[in-house]
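The residues making up each chain are set out below.
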Amino acid sequence: MGETVAEILRFLSDYFGEDFKSYSLSLAEKRVAERVAQLRLPDPAQYYQLLQSDQGEPAYLSRMLRIRFSSFFRDPLQFELLRSQITSSLLPVLSQVGFLRAWSAACAGGEEACSLAIIIDETLQLLDAHPKVQIFATDVAEDALAEGRAGYYGRGSLAGVNLKQLDTYFTAEGNGYRVAPKLLSMISYCRHDLLDPHTFAPPESLFGGFDLISCRNFLMYLDPQAYLRVFDNLFRALNPGGVLLLGKAESVPERYHQHLVRIYECGNLYRKQQAGRC
Ligand SMILES: C[S@@+](CC[C@H](N)C(=O)[O-])C[C@H]1O[C@@H](n2cnc3c(N)ncnc32)[C@H](O)[C@@H]1O
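Cut-offs applied
Residues numbered from 1 in each chain as written. Predicted model: local features only at pLDDT ≥ 70, side-chain atom pairs only at ≥ 80, totals over all residues. Heavy atoms only, no water. Domains from an automatic or database assignment. Contact = heavy atoms within 4.5 Å. Buried area = accessible area lost by both parts, 1.4 Å probe. Salt bridge = Lys/Arg side-chain N within 4 Å of Asp/Glu carboxyl O. Nonpolar A, V, L, I, M, F, W, Y, C, P; charged D, E, K, R; others polar. Phe/Tyr/Trp six-rings, centres within 6.5 Å; stacked < 30°, edge-to-face > 60°. Helix = DSSP H or I, 4+ residues; strand = E, 2+ residues; numbered from the N terminus. Buried < 20%, exposed > 50% of the residue type's maximum accessible area, 1.4 Å probe, protein only.

J.: I keep staring at the domain arrangement of the protein chain and nothing clicks. Help me out?
T.: Interfaces are often sized by the accessible area lost when the parts come together. When cut into domains, the protein chain gives domain 1 (2-65) and domain 2 (76-272). Its C-alpha centre places domain 1 at a distance of 30 Å from the equivalent point of domain 2. Every contact between the two is made by 8 residues of domain 1 and, on the other side, 11 residues of domain 2. The junction of domain 1 with domain 2 conceals about 750 Å² of combined surface from both sides, 46% of it contributed by carbon and sulfur atoms. It is Glu18, Ser22 and Tyr23 that lose the most area in domain 1 upon contact with domain 2, and together they represent 52% of the buried surface on that side. Taking the shortest distance from any N to any O, the salt bridge between Arg191 and Glu18 comes out at 2.8 Å. Per-class residue counts for the side of domain 1 that touches domain 2 are 2 nonpolar, 2 polar and 4 charged.

Okay, structure coming up:
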């Protein structure tokens, strides 16, 4: 199974000109096994043949591998802890420079970027502070970005939104809710492949320099070398004093333990040490 799946990942990399070899082999094996079962094929080798002959299949499998699931305020505790960090450590810096730059990396359909925008906006309103806020929301999947730009979500993904937020930041429309223009205007959606070896941050952001980076539930799907490579880029793109949010199943590689300090016991929030303090 392993060798065929490795071949499948090489095939997808050549087919799309994008790196599929860096996804973890065990994840790829599970996804291929699922697809083999769905299609009632005898084994992965037969599936590999189909993949090469059926025009729609590469795109289908690539979507399966790049697991899209997201929701608003996924891991609510983390967002609450972030709120207190904005007040206590980020805002004093922001009030000097006048703006806040955030990056939601691997943002899926924008649920995470909107959640960040809500937390930031609520905090700034409460403190009557007015820095310019720019959130770059990036993903490799164009259709995910299109969902984000459209700003329309089904009820299911909004389960973590409270009533006050629903009232303030959304308008009911059909079977779902539309995000308020105020939130959308805080977010710039752009395509960025986190596995692209030629860029370390979204080109639209010009130089990285983020006060806040959220990269959740993406690194966990990579092989160990790719995990480190992407992590290097995230670290480089984060300003000293900036805050990094990881997913529950993700951790800071050992070589960054001195440079990224865990802010709370729980919640997976880290602060990048100021130069000279590590
Ligand atoms: C499980 S979702 C995580 C969404 C969100 N961060 C969250 O935690 O709810 C993983 C996302 O990673 C994106 N992704 C997969 N490979 C990527 C790559 N090479 N570069 C950027 N995004 C990628 C997928 O398209 C998908 O939207």
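J.: Whenever I open this one, the packing of aromatic side chains confuses me. Can you help?
T.: Between two aromatic rings, the relevant description is the distance of the centres plus the angle of the planes. Tallied over the entire structure, the rule returns 13 aromatic pairs. With centroids separated by 5.7 Å and ring planes inclined at 40°, the aromatic side chains of Phe11 and Tyr15 adopt a geometry described as tilted. Taken together, the positions of Phe11 and Tyr15, both in helix H1 (residues 2-16) and 4 residues apart, correspond to about one turn of that helix. By relative accessible area, Tyr15 is classed as partly exposed at 45%.

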